[in-house]
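# Descriptive structure summary
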Amino acid sequence: MMMNHYKEASDIDVFVMRLLNPLDDEIFELFMRAVDDEKKKEISAVKNKAVRDMKIVSRIFSGACIKKTFGINLKEQDFGYEEFGKPCLVNFPNIHFNVSHSNGVFVCAVGNAIVGVD
């Protein structure tokens, strides 16, 4: 079943996930294979394992939420940043998302209206 890529403006999906344990090396590497080269470089430059885990989980989680809401596969999701650093999908300007995290809890909002979670 193909999901509609453009929902009604009032439709916003919110997802919550809790990371109970640090990522083991195998899972971390699996996630790294799923992100673009620019994100790999950014994450690889981080020395703190907890921060690296947070960055990769944020990207994979937001990508999974976008796929669940709009049916766009991870490989089709070309991430970029808007003027003030908010993440966006370059090829889908009408799709909006935002992800936030604290103490191992991740929240992601996805819709076709501007969204933000903090």
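Notes on the structure in this doc start here. (Residues numbered from 1 in each chain as written. Predicted model: local features only at pLDDT ≥ 70, side-chain atom pairs only at ≥ 80, totals over all residues. Heavy atoms only, no water.)

As a further point, take the pattern of salt bridges. Taken as a whole, this structure holds five salt bridges when the rule is applied. Notably, a salt bridge pairs Asp37 with Lys40, separated by 3.9 Å at the nearest N-O pair. A residue pair is termed a helical-turn pair when its members lie 3 or 4 positions apart in one helix, as Asp37 and Lys40 do in helix α2 (residues 37-44) at three residues. A relative accessible area of 26% means that Lys40 is categorised as partly exposed. Each of Lys39, Glu42 and Lys55 takes part in one network of salt bridges that share partners. (Salt bridge = Lys/Arg side-chain N within 4 Å of Asp/Glu carboxyl O. Helix = DSSP H or I, 4+ residues; strand = E, 2+ residues; numbered from the N terminus. Buried < 20%, exposed > 50% of the residue type's maximum accessible area, 1.4 Å probe, protein only.)

A cluster of like negative charges, contributed by Asp24, Asp25, Glu26 and Glu29, occupies part of the molecular surface. Structurally, Glu29 can be placed in helix α1 (residues 25-33). Taking relative accessible area as the criterion, Glu29 reaches 42% and is therefore assigned partly exposed. (Patch = residues over 30% accessible without salt bridge, like charges linked within 9 Å, V, L, I, M, F, W, Y side chains within 5 Å. Areas by Shrake-Rupley, 256 points an atom, 1.4 Å probe, with all protein chains shown as cover. Lys, Arg positive; Asp, Glu negative; His and termini not counted. Charge placed at Lys NZ, Arg CZ, Asp CG, Glu CD.)

With that settled, consider the packing of aromatic side chains. With the rule as written, the count across this model stands at two aromatic pairs. The interplanar angle of 70° and the centroid separation of 6.4 Å between the aromatic rings of Phe61 and Phe106 together place this pair among those described as edge-to-face. Here Phe61 is found in helix α3 (residues 49-70), whereas its partner Phe106 is found in strand β5 (residues 105-111), with 45 residues between them in sequence. In this pair, the class of Phe61 matches that of Phe106, namely buried. A cation over an aromatic ring shows up here: Arg52 above the ring of Phe28, its NZ or CZ 5.8 Å from the ring centre. (Phe/Tyr/Trp six-rings, centres within 6.5 Å; stacked < 30°, edge-to-face > 60°. Lys NZ or Arg CZ within 6 Å of the ring centre and 35° of its normal.)

By the secondary structure assignment, Asn98 is in strand β4 (residues 96-102). Using a relative accessible area of 11% as the deciding quantity, one classes Asn98 as buried. Within the structure, the side chain of Asn98 is placed 3.0 Å from the backbone nitrogen of Val117, a separation counted as a polar contact. What Asn98 contacts, discounting residues up to four positions off in sequence, is Lys86, Pro87, Val107, Cys108, Ala109, Val115, Gly116 and Val117. (Polar contact = N/O pair within 3.5 Å; in protein donor to acceptor, adjacent residues only side chain to side chain. Contact = heavy atoms within 4.5 Å.)

Honestly, it's all geometry; don't read function into it.
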